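What follows is each chain in one-letter form.
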Amino acid sequence: MKRLMKLGIVFLLLCLSSVLVLCGCGEEKSGGTIEEPDITGEYLSEEYAQQLLNDGAATMLGSVTIEDTEDGSYTVHIVEKEVIVNSSYDEGYYIADTNVTKDVPLSGDARIACLHDGELVVEDVEEFIANHEGGDADPVKLYTVYMMGESANLILATEPESVEVE
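Asker: I'm lost on the packing of aromatic side chains in this one. Help?
Answerer: Think of a pair of aromatic rings as described by two things: how far the centres are apart, and how the planes are tilted against each other in angle. One pass over the structure, following the stated rule, counts 3 aromatic pairs. For the ring pair Phe 128 and Tyr 143, a centre distance of 5.7 Å and an interplane angle of 75° mean the geometry is edge-to-face. Taken together, the residues span a long stretch of sequence, with Phe 128 in helix H3 (residues 125-131) and Tyr 143 in strand E5 (residues 142-148) at a distance of 15 residues. For the pair shown, Phe 128 and Tyr 143 are each scored as buried.

Asker: Please clarify how the side chain of Thr 158 should be interpreted in this entry.
Answerer: With respect to the secondary-structure elements, Thr 158 resides in strand E6 (residues 151-158). By relative accessible area, Thr 158 is classed as buried at 12%. Of the polar contacts made by the side chain of Thr 158, one reaches the backbone oxygen of Leu 156; its length is 3.0 Å.

Asker: Would you explain the nonpolar core in this entry?
Answerer: When a protein is soluble and globular, its nonpolar side chains tend to lie buried together. The biggest cluster of nonpolar side chains holds 18 residues, and the ones touching the most others in it are Val 64, Ile 66, Val 76 and Ile 155. The dominant element in this core, judged by the number of residues it contributes, is strand E3 (residues 93-116), at 4 residues. The contacts of Ile 66, once residues within four sequence positions are left out, are Tyr 74, Thr 75, Val 76, Ile 112, Val 125, Phe 128, Ile 129 and Ile 155. If you look at the next biggest cluster of nonpolar residues, it comprises 10 residues, including Tyr 43, Tyr 48, Ala 113 and Tyr 146.

Asker: What exactly am I supposed to notice about the environment of Ile 155 here?
Answerer: Residue placement: Ile 155 occurs in strand E6. Between the C-alpha atom of Ile 155 and that of Met 60, which follows or precedes it by 95 residues, the distance is 9.7 Å. If we skip the residues at most four places from it in the chain, Ile 155 touches Val 64, Ile 66, Val 76, Leu 106, Arg 111, Ile 112, Ala 113, Tyr 143, Thr 144 and Val 145.

Quick notes on the rules
- Residues numbered from 1 in each chain as written.
- Predicted model: local features only at pLDDT ≥ 70, side-chain atom pairs only at ≥ 80, totals over all residues.
- Heavy atoms only, no water.
- Phe/Tyr/Trp six-rings, centres within 6.5 Å; stacked < 30°, edge-to-face > 60°.
- Helix = DSSP H or I, 4+ residues; strand = E, 2+ residues; numbered from the N terminus.
- Buried < 20%, exposed > 50% of the residue type's maximum accessible area, 1.4 Å probe, protein only.
- Polar contact = N/O pair within 3.5 Å; in protein donor to acceptor, adjacent residues only side chain to side chain.
- Core = buried A, V, L, I, M, F, W, Y, C linked by side-chain atoms within 4.5 Å.
- Contact = heavy atoms within 4.5 Å.

Structure below.
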């Protein structure tokens, strides 16, 4: 009788553990996540930007141009800018050049979000280059560039009013 009871308990434990192990089966998984988010301007400016910061990304605010290199990769040229609060200007601020420039390679999986009619729109590298042709970076358009290591992972259009100043 004891032997039968022990076998029953072992069987019940085996059934319970198999249910716990198999309860995750059947969910759609892709790339280690259950559902991948839509890559939108809103997603890039909120969740993705925060994830990069959490992972240790450095940021730089400025005007941006992207150049195609001979080896098929891209270089991001950043002219650093600073938003200075000043009530004597109509907008309440002005954009100052810090006289700092930086050239960094564009990561192979980098994302770019630009402002079009007040809305953040995702662009690929070729679209960005075509839409921002003309040589020098537009000193009025500001971008926050998120860099991991020595490469740019996210280029995010930034409204000067949204920049936090100290």
